[in-house]
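So you can see what is in the structure, the chains are spelled out below.
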Amino acid sequence: MASCKGCGRPIIWIMSSGGKMIPCDPTEVLYWKRQKARGKIVTRNGEVVSCDLDAGIKEEPTGVGYVPHWATCPVAGRFKKERNRG
Ligand SMILES: [Zn+2]
């Protein structure tokens, strides 16, 4: 298993439908698909879906997928700032 260069946590790489490799947390989570939702999930097929990840939702979940690592990485913000400074 790969690990994040920023925080050292284990990650998996999923090929998106567009052919891009996306680093994700290795744990599968339930998601509820919703247009314009803040959350993002990558399905096993590599589809990136806007969704809610709130287990408190009473509706049936849309399915399971992987959370992109940039959403949970504690140092993801630092990377972004460095890039912006440019
Ligand atoms: Zn990380």
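This text goes with the structure placed above it.
Thresholds, definitions, all that
- Residues numbered from 1 in each chain as written.
- Predicted model: local features only at pLDDT ≥ 70, side-chain atom pairs only at ≥ 80, totals over all residues.
- Heavy atoms only, no water.
- Helix = DSSP H or I, 4+ residues; strand = E, 2+ residues; numbered from the N terminus.
- Buried < 20%, exposed > 50% of the residue type's maximum accessible area, 1.4 Å probe, protein only.
- Contact = heavy atoms within 4.5 Å.
- Areas by Shrake-Rupley, 256 points an atom, 1.4 Å probe, with all protein chains shown as cover.
- Donors = N, O, S within 2.8 Å, 3.2 Å for Na, K, Ca; no water.
- Tetrahedral: all angles 85-135°; square planar, octahedral: opposite > 155°, others 65-115°.
- 1 Å grid on protein atoms, 1.4 Å probe; cavity = no way out; pocket = protein on both sides within 12 Å on 5 of 7 lines; lining within 4 Å.
- Points joined across faces, edges and corners; volume = space filled by probe spheres on them.
- Nonpolar A, V, L, I, M, F, W, Y, C, P; charged D, E, K, R; others polar.
- Lys, Arg positive; Asp, Glu negative; His and termini not counted.
- Salt bridge = Lys/Arg side-chain N within 4 Å of Asp/Glu carboxyl O.
- Polar contact = N/O pair within 3.5 Å; in protein donor to acceptor, adjacent residues only side chain to side chain.
- Patch = residues over 30% accessible without salt bridge, like charges linked within 9 Å, V, L, I, M, F, W, Y side chains within 5 Å.

Student: What is the right way to look at the overall build of the chain in this model?
Tutor: Helix and strand counts for the chain stand at two helices and six strands. Buried residues in the chain amount to 33% of all 86 residues. Counted over contacts in the chain with a minimum sequence separation of 6, partners at least 24 positions apart contribute 47%. Carbon and sulfur atoms form 50% of the exposed surface of the chain, whose accessible area is close to 6200 Å².

Student: Just to check I follow, could you spell out the coordination of the zinc ion for this structure?
Tutor: Coordination angles at a metal have ideal targets, namely 109.5 degrees for four tetrahedral donors and 90 or 180 degrees for six octahedral donors. Donor atoms from the polypeptide that coordinate the zinc ion comprise Cys4 (SG), Cys7 (SG), His69 (NE2) and Cys73 (SG), at 2.1 to 2.4 Å from the metal. Taken together, the four donor atoms surrounding the zinc ion define angles of 100 to 121° at the centre, an arrangement classified as tetrahedral.

Student: So what exactly am I meant to see when it comes to the layout of surface pockets here?
Tutor: Once rolled over the atoms, a probe with the size of a water molecule shows which space is left empty. The space that makes up the largest pocket amounts to roughly 160 Å³. Along its surface, the largest pocket is lined by 11 residues, and Cys4, Ile11, Trp13, Pro23 and His69 are the ones closest to its centre. For the lining of the largest pocket, the secondary-structure elements that each account for two or more residues are β2 (10–15), α1 (69–72) and α2 (76–85). Looking at side-chain class alone, the lining of the largest pocket contains eight nonpolar, two polar and one charged residues.

Student: Would you take a moment to explain the side chain of Asp25 for this structure?
Tutor: Mapped onto the fold, Asp25 is located in strand β3 (residues 21–33). Arg9 is the oppositely charged side chain nearest to the buried, salt-bridge-free Asp25, at an N-O distance of 5.6 Å. For Asp25, the side chain forms a polar contact with the side chain of Thr72, separated by 2.6 Å. When near neighbours in sequence (up to four residues on either side) are disregarded, Asp25 contacts Ile12, Tyr66, Val67, His69 and Thr72.

Student: It is not clear to me how a nonpolar patch on the surface should be interpreted in this structure. Could you clarify?
Tutor: Nonpolar side chains collect at one region of the surface, where Trp13, Met15 and Met21 lie side by side and expose about 330 Å² of accessible area between them. As for its position among the elements, Met15 is in strand β2. The class for Met15 is partly exposed, based on a relative accessible area of 47%.

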